[in-house]
Amino acid sequence: MTNKQITVIFKALCDENRVQIFRLLQNGEKCACKLLEAMQCTQPTLSHHMKILCDSGLVNGRKEGKWMYYSISAEGTEIAVNCLRELTKVSGSENCCCR
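This is a predicted model, so every value here is computed, not measured.

A.B. asks: Which parts of the structure should I look at to understand the overall build of the protein?
C.D. replies: Of the regular secondary structure elements, the protein holds 5 helices and 3 strands. Its helices and strands in sequence order give the protein the pattern α-α-β-α-α-β-β-α, from N to C terminus. By its C-alpha atoms, the protein is 60 × 25 × 20 Å across when sized along the principal axes. Split into buried and exposed, the 99 residues of the protein put 26% on the buried side. Counting contacts in the protein only where the partners sit at least 6 residues apart, residues at least 24 apart contribute 53% of the total. With the model as given, the accessible surface of the protein reaches about 7,100 Å², and the carbon-plus-sulfur share is 52%. With 13 positive and 10 negative side-chain charges, the protein shows a spacing of 3 Å between the two charge centroids.

As structure tokens, this is what we get:
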């Protein structure tokens, strides 16, 4: 993954409201109207957060009639987990440059 792709994923999770949305979606797909009720925010604010979550690949959105439904993307979360694993892997065999 590129550094840009990695930052898009972590940007999605670095906001308390987006983490709350993600937690709401843990129980399954939700209509935007249900997310609005739970979040107690304006529709434009929710749309902003959902765009960031969808752009990161962590959340899927689908339109049915005039309603939007959102769910956690299994593929996106797998990519995020692998990204975190890769970023935190320590090889440990290189010598310090200061010696």
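A.B. asks: Teacher, can you tell me more about unusual backbone geometry here?
C.D. replies: Glycine aside, residues mostly have negative phi angles, and peptide bonds mostly take the trans form. One non-glycine residue, glutamine 40, lies in the positive phi region at around 55 degrees. Summarising the element assignment, glutamine 40 is placed in the loop between helix 3 (32–39) and helix 4 (43–56).

A.B. asks: Help me understand the nonpolar core in this model?
C.D. replies: One broad rule of soluble globular proteins: the nonpolar side chains tend to lie buried together. Ile21, Leu35, Met50, Leu53, Leu58, Val59 and Tyr70 are the most contacted members of the largest nonpolar core, which has 16 residues in total. Elements that contribute at least two residues to this core include exactly helix 1 (3–13), helix 2 (16–25), helix 3 and helix 4. Of all the elements, helix 4 adds the most residues to this core, at 4 residues.

A.B. asks: It is not clear to me how the side chain of serine 56 should be interpreted in this structure. Could you clarify?
C.D. replies: One can find serine 56 in helix 4. Within the structure, serine 56 has its side chain in polar contact with the backbone oxygen of leucine 53 (distance 2.6 Å). Of note is the side chain of serine 56, whose polar atom sits 3.2 Å from the backbone nitrogen of leucine 58. When residues no more than four places from it in sequence are discounted, the contact partners of serine 56 are Val8, Ile9 and Ala12.

A.B. asks: I'm lost on the pattern of salt bridges in this one. Help?
C.D. replies: Two side chains carrying opposite charge are able to pair once their charged atoms lie near each other. The tally for this structure, following the rule as stated, stands at 3 salt bridges. Lysine 51 serves as the salt-bridge partner of aspartate 55, at 2.7 Å between the closest nitrogen and oxygen. Of the two residues, aspartate 55 and lysine 51 both sit in helix 4, 4 residues apart, roughly one turn of that helix. Salt-bridge contacts for arginine 62 lead to glutamate 64; the nearest nitrogen and oxygen are separated by 2.6 Å.

Parameters and conventions
Each chain carries its own residue numbering, running from 1 in the direction its sequence is written. For a predicted model such as this one, the threshold for reporting local features is a pLDDT of at least 70, and the threshold for listing and counting side-chain atom pairs is 80 or more; totals across whole chains, interfaces and linings nevertheless cover every residue. Computation of side-chain values covers all heavy atoms of the structure but excludes hydrogens and water. Think of it this way: any DSSP run of H or I at least four residues long counts as a helix, any run of E at least two long counts as a strand, and we number them from the N terminus. Burial classes: relative accessible area under 20% of the type maximum marks a residue as buried, over 50% as exposed, and values in between as partly exposed (1.4 Å probe, protein chains only). The contact definition used throughout considers only heavy atoms, calling two residues in contact when any of these lie within 4.5 Å. All accessibility values rest on the Shrake-Rupley procedure with a 1.4 Å probe; residue burial counts only the protein chains present in the view. Positive charges are assigned to Lys and Arg, negative charges to Asp and Glu, while His and the chain termini are left out of the count. A charged residue contributes its charge at one atom only: NZ of Lys, CZ of Arg, CG of Asp or CD of Glu. Note on terminology: a nonpolar core comprises buried Ala, Val, Leu, Ile, Met, Phe, Trp, Tyr and Cys residues joined through side-chain atoms within 4.5 Å. Contacts described as polar in this section are N or O atom pairs within 3.5 Å, which, within protein, must combine one atom able to donate a hydrogen with one able to accept it, while residues neighboring in sequence count only if both atoms come from side chains. When a carboxyl oxygen of Asp or Glu is within 4 Å of a side-chain nitrogen of Lys or Arg, the pair counts as a salt bridge.

Just geometry here; none of it tells us what the structure is for.
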